[in-house]
Amino acid sequence: MKSNLLMNFDVDKENKTVNIKREFDASLSDVWSAWTESEILDQWWAPSPFKSKTTVMEFKEGGKRLYAMVGPEGDERWSCFEYTSISPKTNFKHSTTFCDAEGNPNSVFGSSYWDLTFSEKGDLTVVDIAIRRDSFEELEKIIEMGFKEGITATMQSLDKIFEARK
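Residues numbered from 1 in each chain as written. Predicted model: local features only at pLDDT ≥ 70, side-chain atom pairs only at ≥ 80, totals over all residues. Heavy atoms only, no water.

**Focus on the sheet that holds strand β7 (residues 111-121)**
Step number 1: Judged by pairing direction, the sheet is antiparallel, and its 8 strands sit side by side in the order β1-β2-β8-β7-β6-β5-β4-β3 without closing on themselves. The sheet is open, and its two borders are formed by β1 (7-12) and β3 (51-57), each paired with just one other strand. Across the sheet, the axes of successive neighbouring strands diverge by a mean angle of 20°, strand direction being ignored.
Step number 2: Inspection of the sheet shows strand β4 (residues 64-70) paired to strand β5 (residues 76-87) by 7 bridges, in the antiparallel sense. (Pairing = 2+ DSSP bridges. Helix = DSSP H or I, 4+ residues; strand = E, 2+ residues; numbered from the N terminus. Axes fitted to C-alpha atoms, helices over the stretch in contact; angles between N-to-C directions.)

Listed below in structure tokens is the structure:
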């Protein structure tokens, strides 16, 4: 596995946004599938020791993904993606909201608005992610919850999937 893959994580306080730029040692098609197909997402979309469990996956504009991060003791932390824009193998946007198992939002945490752009860079695929929050306080809250560490570990889990395919 390439250990020198780019992983930038920057916080833009003024715009209430986290910007992540991440390289993957895989084709654009494989990276796109990993981010958009529940069968693959559930293999990596949770920092260890958590596992991802998708119950609804409608990857289309106006569709949603309802999933839980399941802890080692079986505790479930539910979230819902609502897809707002999809340009195949180039970009997609969604909101993410903590919720219950039926998809009812937990208003305490607000929502994140994700904008993901996919591009090729030689043999690598680059994913540029901008995650905006409604307020700086909400942004601070998710960072204090360990978002940087969690998303970094999650991306490394995806690296392992691509490495196993080589």
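**A word on helix α1 (residues 28-36)**
Step number 1: Counting buried residues along α1, 7 of its 9 residues qualify, which places the element largely inside the surrounding structure.
Step number 2: Among the residues of α1, Leu28, Val31, Trp32, Ser33, Ala34, Trp35 and Thr36 are the ones counted as buried. (Buried < 20%, exposed > 50% of the residue type's maximum accessible area, 1.4 Å probe, protein only.)

**Comments concerning the pattern of salt bridges**
Step number 1: Scanning the entire structure with this criterion turns up 8 salt bridges.
Step number 2: For Arg22, the salt bridge goes to Asp159, with nearest N and O atoms at 2.4 Å. One end of the pair, Arg22, is in strand β2 (residues 17-24); the other, Asp159, is in helix α4 (residues 147-165), and 137 residues separate them in sequence.
Step number 3: With a relative accessible area of 9%, Asp159 lands in the buried category.
Step number 4: A salt bridge links Lys53 to Glu76, with the shortest nitrogen-to-oxygen separation between them at 2.6 Å. Of this pair, Lys53 sits in strand β3 while Glu76 is found in strand β5, placing the two residues 23 residues apart along the sequence.
Step number 5: With a relative accessible area of 38%, Glu76 lands in the partly exposed category. (Salt bridge = Lys/Arg side-chain N within 4 Å of Asp/Glu carboxyl O.)

**Overview of the packing of aromatic side chains**
Step number 1: In total, this model carries 18 aromatic pairs according to the counting rule given.
Step number 2: With 5.3 Å between their ring centres and 90° between their planes, Phe59 and Phe92 make a pair best called edge-to-face. Linking Phe59 in the loop between β3 and β4 with Phe92 in strand β6 (residues 91-99), this pair joins segments that are 33 residues apart in sequence.
Step number 3: Here Phe92 falls in the buried class, since its relative accessible area comes to 2%. (Phe/Tyr/Trp six-rings, centres within 6.5 Å; stacked < 30°, edge-to-face > 60°.)

**Some thoughts on the nonpolar core**
Step number 1: Residues Trp35, Trp44, Trp45, Phe118, Ile129 and Phe147 are the most contacted members of the largest nonpolar core, which totals 33 residues.
Step number 2: Taken together, the elements giving at least two residues each to this core come down to β2, α1, α2 (38-44), β5, β7, β8 (124-133), α3 (136-144) and α4.
Step number 3: With 6 residues, α4 is the largest single contributor of residues to this core.
Step number 4: Contact partners of Trp45, with chain neighbours within four places excluded, come to Trp35, Ser52, Arg65, Tyr67, Met69, Phe81, Trp114, Ile151 and Thr154. (Core = buried A, V, L, I, M, F, W, Y, C linked by side-chain atoms within 4.5 Å. Contact = heavy atoms within 4.5 Å.)

**Description of the pairing of β7**
Regular strands place their side chains on alternate faces of the sheet.
Step number 1: Sheet analysis places β6 next to β7, joined by 7 bridges and oriented antiparallel. Considered in β7, the bridge of Thr96 is made with Ser112.
Step number 2: As defined by bridge partners, β7 adjoins β8 across 10 bridges and the pair is classed as antiparallel. Bridging from a neighbouring strand, Leu116 pairs with Ile129 of β8.
Step number 3: Taking the residues that link successive antiparallel strands as the turn, the β7-β8 hairpin has 2 residues, and the phi of Gly122 there is positive, at about 65°.

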